[in-house]
There are 2 protein chains.
Amino acid sequence: MTLETVSENRSHGGTQGVYTHQSAETGTEMTFSVFVPEHVPGTKMPVLWYLSGLTCTHANVTEKGEFRAACAEHGIIFVAPDTSPRGDDVPDDEAYDFGKGAGFYVDATEAPWADNFRMRSYIETELPEVVAKHFPVDMARQGITGHSMGGHGALTISLRNPGRFVSTSAFSPIVSPLSCPWGEKALTGYIGADRDKWREYDACALIEDGARLTDLLVDQGKADTFLQEQLKTNLLDQACRNADMRAAIRMQEGYDHSYYFISTFMAEHIAWHAERMKR
Amino acid sequence: MTLETVSENRSHGGTQGVYTHQSAETGTEMTFSVFVPEHVPGTKMPVLWYLSGLTCTHANVTEKGEFRAACAEHGIIFVAPDTSPRGDDVPDDEAYDFGKGAGFYVDATEAPWADNFRMRSYIETELPEVVAKHFPVDMARQGITGHSMGGHGALTISLRNPGRFVSTSAFSPIVSPLSCPWGEKALTGYIGADRDKWREYDACALIEDGARLTDLLVDQGKADTFLQEQLKTNLLDQACRNADMRAAIRMQEGYDHSYYFISTFMAEHIAWHAERMKR
């Protein structure tokens, strides 16, 4: 678990770092970013995981997410992983929505993806161990969020691991890979044609099958061009209502799918997580 | 003065736009970005000009500057121009610090630069007319700021145009092109070897020669690797003291030259400008 420092920059009183390590799960070098606010040495801070969307690396949210001011204010460590394994030896697809940059937070079972595309285990198990070892995180106070494919990741990881996260939110998540072209393509490719096996990677199906969150915050732009065909926020709303699960799903007038939208509501999400991370 | 819209995205309640127009000064198409906060239709808002540094376009600060939340709060329009003319027909130099991306906010007099590299007149005269025509700006309440080469631009443009700007600030500015390698190279190339002609493009020389600002805010990172050889903040400090000109020049421990530094102090700069833009 050796960590290499790519860069560290002082920002908003803390340190924005980028790091790499050799991942046993993906068999590749993986890059992630961590913001550590200014703090009294020896203290541990809650940690917010941010999972990114299609085509993104750690860099998109690190540069455009506008999270540091709020994380500094609330004393929260912010971790942003990559969205897939990388490298010349990793299989890829020429499409933007499959292969590199499109790991979908699953453990692939199909060839040629199964060896490297193990983003579920990487995010659920390996990376938390790396982060817990190298940064002053209080692992009893974790929150998780993400955008689009990463919103799908945040919801499904939290639903499958009850009690691990004190708070869960998402920006314009893919709420049901079973019910949209992005999901059908990715899960067929990574997991195979048996749709029953997809249910653990589908937030709506997980809720239907009995998984619960104590609370949930979702922001979704109403001018998002992916809303109708891919994101289908109404399916999550319906699943939560059917399950009587508390959820604030906010449809935001005029906002699209970009970081101009995410950065607008980032500080509110962080404050919402901070409230739930209080001891 | 036709304006073409490249993109408009809702952000922080307002609109972040990117626009192009044909510039008479540079003889090229020029791109700039404008953030217009939410406002009562028909009202006009103060405008803050942000001039970028070497290698940058409008995009760097637009994506990484973290200015929109503060501009929305204070009701300030934020304009970010490019740093030079662009295009295949524009002369260039292979170095990062001369030619495209390095206009230095001068009107070049030397061949082959004189035809296109007219960033002084573009920023001082042409772009303000375009912005005043197309956006709800109150041109009686303008502020100006910038980073590095753009800090040099902000300081010298404000010093040469007394009374135009109600507020002037800078992030890690080049304070004296006469006294650093970046400046010597650029001004020799654009203006020629007669150093007397450089003085109108040197903030310290302008102050020495009698120009004044009513007030000034500068932030400079102490871990900035360009501080000693290129930026030389102490020369500006000395010029202000000699002239008895009020200036808050803040040396910030641990901060470097990057947008991680700029974004940290952006909200404070905007609040400082807003205070001075009040009617």
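Above this text you will find the structure in question.
Keep in mind that this is a model prediction, so the values were computed, not measured. (Residues numbered from 1 in each chain as written. Chains lettered and ligands numbered in written order. Predicted model: local features only at pLDDT ≥ 70, side-chain atom pairs only at ≥ 80, totals over all residues. Heavy atoms only, no water.)

**Section: the overall build of chain A**
Note the following rule: By definition, any uninterrupted DSSP run of H or I lasting at least four residues is a helix, any uninterrupted run of E lasting at least two residues is a strand, and each is numbered from the N terminus. Only C-alpha atoms enter the radius of gyration, while the globule expectation follows 2.2 Å times N to the 0.38, with N the number of residues. Summary of the burial criterion: residues with accessible area below 20% of their type's maximum are buried, those above 50% are exposed, and those between are partly exposed, where the area comes from a 1.4 Å probe applied to protein chains only.
Within chain A, the regular secondary structure consists of nine helices and nine strands. Whereas a compact globule of 279 residues would reach a radius of gyration of roughly 19 Å, chain A reaches 17 Å, a difference of no more than 12%. Principal-axis analysis of the C-alpha atoms gives chain A an extent of 50 × 45 × 35 Å. Here chain A holds 279 residues, and 62% of them are scored as buried.

**Re the environment of A:Gly99**
All names here are of chain A. Condition: Contacts are assigned to residue pairs with any non-hydrogen atoms lying within 4.5 Å of each other.
With respect to the element layout, Gly99 can be found in the loop between strand E5 (77–81) and helix H3 (119–134). Along the backbone, Gly99 and Thr83 are 16 residues apart, and their C-alpha atoms lie at a distance of 9.9 Å. The contacts of Gly99, once residues within four sequence positions are left out, are Ser84, Asp92, Asp93, Trp113, Phe117 and Tyr190.

**Some points on the nonpolar core**
The line we're drawing: The criterion is simple. A nonpolar core is a set of buried Ala, Val, Leu, Ile, Met, Phe, Trp, Tyr and Cys residues joined through side-chain atoms within 4.5 Å.
With 48 residues, the main nonpolar core has A:Phe32, A:Phe104, A:Phe135 and A:Tyr190 as its most contacted residues. Elements with a minimum of two residues in this core: strand E3 (29–36), strand E4 (45–51), E5, H3, strand E6 (137–146), helix H4 (149–160), helix H5 (181–191) and helix H7 (227–231) of chain A. Per element, the largest residue contribution to this core is six residues, and it comes from H3(A). Here A:Tyr190 is in contact with A:Phe98, A:Gly99, A:Ala102, A:Gly103, A:Phe104, A:Val106, A:Ala108, A:Thr109, A:Glu110, A:Trp113 and A:Phe117, once residues within four sequence places are set aside. In this structure, B:Tyr19, B:Ala102, B:Phe135 and B:Ile174 belong to the second largest nonpolar core, which totals 47 residues.

**Digging into the pattern of salt bridges**
Basically, it comes down to this: Salt bridges are defined as contacts in which a side-chain nitrogen from Lys or Arg sits within 4 Å of a carboxyl oxygen from Asp or Glu.
Applying the stated criterion across every chain yields a total of 40 salt bridges over all chains. The partner of A:Glu38 in a salt bridge is A:Arg10, and the shortest N-O contact between them spans 3.9 Å. Highlighted residues: A:Glu38 in the loop between E3 and E4 and A:Arg10 in strand E1 (residues 4–11), separated in sequence by 28 residues. Across the pair B:Arg246 and B:Asp215 runs a salt bridge whose closest N-O atoms are separated by 3.6 Å. Note that B:Arg246 is positioned in the loop between helix H8 (233–243) and strand E9 (248–252) and B:Asp215 in the loop between helix H6 (203–208) and strand E8 (217–221), a separation of 31 residues in sequence. Relative accessible area serves as the criterion here: at 57%, B:Arg246 is assigned to the exposed category. Using a relative accessible area of 11% as the deciding quantity, one classes B:Asp215 as buried. A single salt-bridge network, built from bridges that share partners, covers A:Arg120, A:Glu124, A:Arg160 and A:Glu200.

**Focus: helix H3 (residues 119–134) of chain B**
All names here are of chain B. Heads up, the condition is: Bend, in this description, refers to the angle at a residue between axes fitted to the seven residues ending there and the seven starting there.
Residue Leu127 marks the point of greatest curvature in H3, where the axis turns by about 35°; the proline Pro128 follows within four residues. Along H3, the residues that are buried comprise Met119, Arg120, Ser121, Tyr122, Ile123, Glu124, Glu126, Leu127, Pro128, Val130 and Val131. Elements that come into contact with the buried residues of H3 comprise strand E2 (14–22), strand E3 (29–36), strand E4 (45–51), strand E5 (77–81), strand E6 (137–146) and helix H4 (149–160).

**Examining the sheet that holds E2(B)**
To summarise the sheet geometry, strands pair through backbone hydrogen bonds and adopt either a parallel or an antiparallel arrangement. All names here are of chain B. Selection rule: For two strands to pair, DSSP has to find at least two bridges joining them. To get an axis, a line is fitted to the C-alpha atoms, and for a helix only the part in contact is used. The angle between two axes follows their N-to-C directions and goes from 0 to 180 degrees.
The mixed open sheet is built from nine strands, whose spatial order is E1-E2-E3-E5-E4-E6-E7-E8-E9. The open sheet has two edge strands, strand E1 (4–11) and E9, and neither has a second partner. Within this sheet the neighbouring strands show an average axis-to-axis angle of 20°, counted without direction. In terms of strand pairing, E3 meets E5 through four bridges, oriented antiparallel. Considered in E5, the bridge of Val34 is made with Val79.

**Details of the pairing of E2(B)**
Residue and element names in this part refer to chain B. Across the nine residues that make up E2, a large majority, seven, are buried. Linking E1 to E2, which pair antiparallel, is a turn of two residues; within it His12 sits at a positive phi near 50°. Note: E2 against E3, eight bridges, orientation antiparallel. Within E3, the position partnered with Thr20 by the bridge is Thr31. Taking the residues that link successive antiparallel strands as the turn, the E2-E3 hairpin has six residues, and the phi of Gly27 there is positive, at about 70°.

**Observations regarding the side chain of A:His152**
Residue and element names in this part refer to chain A. Tracing the backbone shows His152 in helix H4. His152 gets classed as buried once you look at its relative accessible area, which sits at 1%. Leave out the neighbours within four places in its chain, and His152 touches Phe104, Tyr105, Pro173, Ile174, Pro177 and Tyr201.

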